[in-house]
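Structural overview for review
The chain contents come next:
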Amino acid sequence: MAEKILDLQNIDTFYGGIQALKEISLHVDAGEIVTLIGSNGAGKSTTLKTISGQVKPKSGSILYNGTEISNRAPHETALSGIAHVPEGRRIFPKLTVKENLEMGAFSVKDKRIVKERMERVFQYFPRIKERLSQQGGTMSGGEQQMLAIGRALMMQPKILMLDEPSMGLAPIIVEQIFEIIKELNNEGITILLVEQNAFQALSIADRGYVIQNGKITLSGLGKELIDNEQIQEAYLA
Ligand code: ATP
């Protein structure tokens, strides 16, 4: 039987008096690509932030390999193998590309290991290698997205959570990024992908969840959801 690496049960998350997540239950099996799709303000980013510990759920449970993590701080979830690439990328604009990558491996003291991990990042993103001394903030949008993913890979995550990696990028770059997400998954990294670009996300996902107004309203195999009429009307038009 497939093993649940991540298991959210009845998660309620509030911002002050506003309830952003309402009894969210979803799971990700080890080795899967799972996507969470939904329109603006539906609660996608909040779901990832709740998992990574940036916001605390008021109630419910988040199990990571069977261990409760809903009270952990963001650096603890990161160290335990859950990498979160936030919306809008958030690289360090004043630091060089190399320094940005090094920040991703902040917990690793052995320089040789840091270098080895960097070499692996270059295998996925050769462009980054050509830009090591450039200031992060001067890279193009697509390059910054690649750097943000590269920085997350520096901690050798078990789960990579990506928040709208396609946002604001040209279609050809989006395609490259989705190809790399598939490759990373083939290498054994479990992926939780938040997207407004529902078609592309469902095309690469094993399974998907639809979130509306903070609630999961539909779930199924990626292939099934692409053919679902409700989804076609709402998200694929
Ligand atoms: P988008 O695609 O626009 O980023 P989303 O599906 O990721 O949308 P969230 O950012 O998770 O949605 O927002 C869910 C709800 O929570 C929205 O109503 C939003 O206004 C609210 N919200 C998000 N962040 C905060 C905050 N820091 N303070 C108050 N309300 C917030």
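Residues numbered from 1 in each chain as written. Predicted model: local features only at pLDDT ≥ 70, side-chain atom pairs only at ≥ 80, totals over all residues. Heavy atoms only, no water.

Some words on the overall build of the protein chain
- When helices and strands are counted, the protein chain shows 10 helices and 10 strands.
- Its C-alpha atoms give the protein chain a radius of gyration of 17 Å, near enough to 18 Å, the size a compact globule of 237 residues would have.
- Taken across its 237 residues, the protein chain has 50% of its residues classed as buried.
- Restricting to contacts in the protein chain with at least 6 residues of sequence separation, those with at least 24 account for 67%.
- Just so you have it, the protein chain exposes about 11500 Å², and 49% of that area is on carbon and sulfur atoms. (Helix = DSSP H or I, 4+ residues; strand = E, 2+ residues; numbered from the N terminus. Rg over C-alpha atoms; globule rule 2.2 N^0.38 Å. Buried < 20%, exposed > 50% of the residue type's maximum accessible area, 1.4 Å probe, protein only. Contact = heavy atoms within 4.5 Å. Areas by Shrake-Rupley, 256 points an atom, 1.4 Å probe, with all protein chains shown as cover.)

Considerations on the packing of helix 6 (residues 141–153) against helix 7 (residues 171–186)
- Relative orientation of the contacting elements helix 6 and helix 7 amounts to 15°, with a least axis distance of 10 Å. Classified by the interaxial angle, the pair formed by helix 6 and helix 7 is roughly parallel. Seen along the crossing, helix 6 lies across helix 7 with a hand that is right-handed. Contacts between helix 6 and helix 7 pair G142, Q145, M146, I149 and L153 from the former with I173, Q176, I177 and L184 from the latter. (Axes fitted to C-alpha atoms, helices over the stretch in contact; angles between N-to-C directions. Parallel < 35°, antiparallel > 145°, perpendicular 65-115°, else oblique. Left-handed = near helix turned anticlockwise from the far one by under 90°.)

What about the side chain of R117?
- Inspection of the secondary structure puts R117 in helix 4 (residues 111–124).
- Among buried Asp, Glu, Lys and Arg side chains, R117 stands out as unpaired, with E116 the closest opposite charge at 6.9 Å.
- Filtering out sequence-adjacent residues up to four positions away, R117 remains in contact with V108, M154, M155 and Q156. (Lys, Arg positive; Asp, Glu negative; His and termini not counted. Salt bridge = Lys/Arg side-chain N within 4 Å of Asp/Glu carboxyl O.)

A word on the confidence of the model for the protein chain
- Here the protein chain shows a mean pLDDT of 94. Residues at 70 or above account for 99%.
- Predicted as a complex, the structure gets a pTM of 0.95 and an ipTM equal to 0.93. (pLDDT = per-residue confidence, 0-100.)

Thoughts on the pairing of strand 9 (residues 207–212)
- By the criterion of burial, strand 9 is predominantly enclosed, with five of the six residues buried.
- Relative to strand 9, strand 3 (residues 33–37) is paired through four bridges, and the arrangement is parallel. Residue pairing across strands places I37 opposite V210, the latter belonging to strand 9.
- In terms of strand pairing, strand 9 meets strand 10 (residues 215–221) through six bridges, oriented antiparallel. Paired with I211 across the strands is I216, a residue of strand 10.
- The antiparallel pairing of strand 9 with strand 10 creates a hairpin that spans two residues between the two strands, and N213 there sits at a positive phi of about 50°. (Pairing = 2+ DSSP bridges.)

Brief notes about the packing of helix 3 (residues 97–104) against helix 4
- Where helix 3 contacts helix 4, the axes come no closer than 10 Å and their chain directions differ by 115°. Classed by the angle they form, the pair helix 3 and helix 4 counts as roughly perpendicular. The crossing of helix 3 and helix 4 is right-handed. Every residue of helix 4 that contacts helix 3 at K98, L101 and E102 is listed here: V114, M118, V121 and F122.
- Counted by class, the contact of helix 3 with helix 4 contains five nonpolar, no polar and two charged residues. (Nonpolar A, V, L, I, M, F, W, Y, C, P; charged D, E, K, R; others polar.)

Comments concerning the pattern of salt bridges
- Within the structure shown, the criterion is met by 10 salt bridges.
- K44 is paired through a salt bridge with E164; the nearest N and O atoms lie 3.9 Å apart. Note that K44 is positioned in helix 1 (residues 44–52) and E164 in the loop between strand 7 (159–163) and helix 7, a separation of 120 residues in sequence. Side by side, K44 and E164 carry an identical accessibility label, which is buried.
- One network of salt bridges, with partners in common, ties together R127, R131 and E143.

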